[in-house]
Amino acid sequence: MGTGTIATEHMVAAIRSVGHQPLWVVSRNRQYATHFSQDMQIAGIAVDARPALRDPRVQFAYVSAARDRRKHYILAAAAARKHVLCDGPIAGNSRIAANLAEECRKAGILLALNQPFRTLSPHQTMRRLLQDGEIGTLQSLLIARGAPFQLPPNRHIDETMDRGAALLEMSVDSIDLARFLTGQEPAAVTALSSVPASPDGDQVSYAIRLSSGALFQSYESFTTAEFESIVMLAGDRGTLTAHGTLSGRGSGALVRRLNGRNELIPVRERDQHMTTIEAFLALPQGSGTWMSLADDNVIALRAAEAVQAAARRRHISVSSP
């Protein structure tokens, strides 16, 4: 449902690679649906989701629509009792996201998110090594990434995103990754934006105290020349650092530092989109539990909104001597 770039470049092929066949293209714009159908060789075309969802051959719906249309498709799938995999976030704010999660719960369906950062081998390996006690007790988590702002690639010229929305989505992704890696929940937030007392700047720096006492710090920016992203877990015995994993261009590298020495940890390259589809299909059987579900997205949205609220608060200026 929807004809976005992620679906075009990755997800249709991933669905086919695990033995399933896309059956319908649903878009409110028939011309978009027709072009996507021709490009992707998918037979069914609909501007109304209901005929596609009533097809008994349809086992699940993948939602790749613009953010403000995801609610419509998720509710249609819930009414038809079809599981949903959706690009994130599922909504523009946590209130709508919580309502969607509740409707899917009432319908008895799964609402899972396509969150590529969770699928990356370095991140999954970091999570496992932390759980195994490889770096001792977690003390802090650091995430830093920056690049010049540019609109995400779109098939359609009428699909746009402003910087504020893009920065919010970056925060949602970072917070979701922090929860995934640590197993801890956001407890308290403080933040600074590049525009004083406003969440609408081009960069934001924030700190979150997590539920077990670890500190999570993040820096997200559209004002810098692109730099290699960093995801670091620091324990009381050592650190794990993933370099270049947040750029969307490959899985990056993972380094463990213990006793004053760095060790490159080999990780298995795998297609993150195929991994997501495989895990989603396994969810009804109770496996694939590392995936981000609707409630996870609600929590990440609430924390990101708290970051925005914290950035609006009055800050104390440092006086000159």
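Residues numbered from 1 in each chain as written. Predicted model: local features only at pLDDT ≥ 70, side-chain atom pairs only at ≥ 80, totals over all residues. Heavy atoms only, no water.

Participant: Help me understand the overall build of the protein in this model?
Facilitator: If you tally the helices and strands in the protein, you get 10 helices and 13 strands. Its C-alpha atoms give the protein a radius of gyration of 20 Å, near enough to 20 Å, the size a compact globule of 321 residues would have. By its C-alpha atoms, the protein is 70 × 45 × 40 Å across when sized along the principal axes. Per-residue burial for the protein yields a buried fraction of 49% across its 321 residues. (Helix = DSSP H or I, 4+ residues; strand = E, 2+ residues; numbered from the N terminus. Rg over C-alpha atoms; globule rule 2.2 N^0.38 Å. Buried < 20%, exposed > 50% of the residue type's maximum accessible area, 1.4 Å probe, protein only.)

Participant: Would you mind going over the pattern of salt bridges with me for this structure?
Facilitator: Pairs can form between side chains of opposite charge whenever their charged atoms are close. Taken as a whole and judged by the stated rule, the model has 12 salt bridges. Between Asp296 and Arg179 there is a salt bridge, with the nearest N and O atoms lying 3.0 Å from each other. Taken as a pair, Asp296 in helix H10 (residues 294-312) and Arg179 in helix H8 (residues 163-182) lie far apart in primary sequence, 117 residues in all. Its relative accessible area of 16% is what places Asp296 among the buried residues. (Salt bridge = Lys/Arg side-chain N within 4 Å of Asp/Glu carboxyl O.)

Participant: Looking at this structure, how should I read the packing of helix H4 (residues 67-79) against helix H5 (residues 94-107)?
Facilitator: Helix packing geometry: the angle between the two helix axes and the distance between the axes. Relative orientation of the contacting elements H4 and H5 amounts to 15°, with a least axis distance of 9 Å. Judged on the interaxial angle alone, H5 and H4 are roughly parallel. Between H4 and H5 the crossing geometry is left-handed. On the side of H4, the interface is formed by Lys71, Ile74, Leu75 and Ala78, while H5 contributes Ile96, Leu100, Glu103, Cys104 and Ala107. (Axes fitted to C-alpha atoms, helices over the stretch in contact; angles between N-to-C directions. Parallel < 35°, antiparallel > 145°, perpendicular 65-115°, else oblique. Left-handed = near helix turned anticlockwise from the far one by under 90°. Contact = heavy atoms within 4.5 Å.)

Participant: I tried to follow the pairing of strand E5 (residues 111-114) on my own but got confused; where do I start?
Facilitator: Within a regular strand, the side chains alternate between the two sheet faces. Here E5 shows two buried faces, one formed by Leu111 and Leu113 and the other by Ala112 and Asn114. Since strand E4 (residues 83-87) and E5 lie parallel, the crossover through H5 that links them has a hand, and here it is right-handed. (Right-handed = clockwise from strand over helix to strand, strands pointing away.)

Participant: Hey, could you run me through helix H1 (residues 5-17) in this one?
Facilitator: Along an α-helix, residues three or four apart share an orientation, since each turn contains 3.6 residues. With 13 residues, H1 should cover 18 Å at 1.5 Å per step; its first-to-last C-alpha distance of 18 Å lies within 8% of that length. A maximum bend of about 40° is found in H1 at Met11. Every buried residue belonging to H1 is among Thr5, Ala7, Thr8, Met11, Val12, Ala14 and Ile15, and all of these are buried. Looking at the packing, one finds that the buried side of H1 touches helix H2 (30-40), strand E3 (60-63), E4, E5 and helix H9 (272-282). The positive-phi residue at the C-terminal boundary of H1 is Gly19, with phi of around 95°. (Expected span 1.5 Å × (residues − 1). Bend = angle between axes of the 7 residues up to and from the residue.)

Participant: What is the right way to read the environment of Ala43 from this model?
Facilitator: Note on placement: Ala43 falls in the loop between H2 and strand E2 (44-46). Among the residues examined, Ala43 registers a relative accessible area of 76% and is labelled exposed. Not counting residues up to four positions away in its chain, the partners in contact with Ala43 are Leu23 and Ser37.

Participant: Looking at this model, I keep getting lost on the sheet that holds E4. Mind explaining?
Facilitator: Note on sheets: strands pair through backbone hydrogen bonds, and any given pair is parallel or antiparallel. Taking strand neighbours across the sheet as the criterion, the 3 strands line up as E3-E4-E5 in an open arrangement whose pairing is parallel. One side of each edge strand has no neighbouring strand; the edge strands of this open sheet are E3 and E5. The average undirected angle you get between the axes of adjacent strands in this sheet is 20°. Alignment of E4 against E5, held across 4 bridges, turns out to be parallel. Counterpart to Asp87 in the pairing with E5 is Asn114. (Pairing = 2+ DSSP bridges.)

Participant: How should the side chain of Gln184 be read in this particular structure?
Facilitator: Here Gln184 lies in the loop between H8 and strand E7 (186-193). Residues in contact with Gln184, not counting those within four places in the same chain, are Leu138, Arg179, Leu210, Ser211, Ser212, Gly213 and Ala214.

Participant: Sorry if this is basic, but what is going on with the sheet that holds strand E13 (residues 261-265) here?
Facilitator: Read across the open sheet, the 8 strands follow the order E7-E8-E9-E6-E10-E11-E12-E13; overall the sheet is mixed. Looking at strand neighbours, the two that pair on one side only are E7 and E13, the edges of this open sheet. The mean inter-strand angle of the sheet, taken between neighbouring strand axes irrespective of direction, is 15°. Of the pairings in the sheet, the one linking strand E6 (residues 138-146) to strand E10 (residues 227-235) comprises 7 bridges and is antiparallel in character. When the bridges of E10 are listed, Gly146 appears paired with Phe227. On the sheet, helix H7 (residues 121-131) packs against E6, E10, strand E11 (238-243), strand E12 (253-258) and E13 and is oriented at approximately 170° with respect to E11. Contacts between H10 and the sheet are confined to E7 and strand E8 (203-210), with E7 contributing the most and set at about 45° to the helix.

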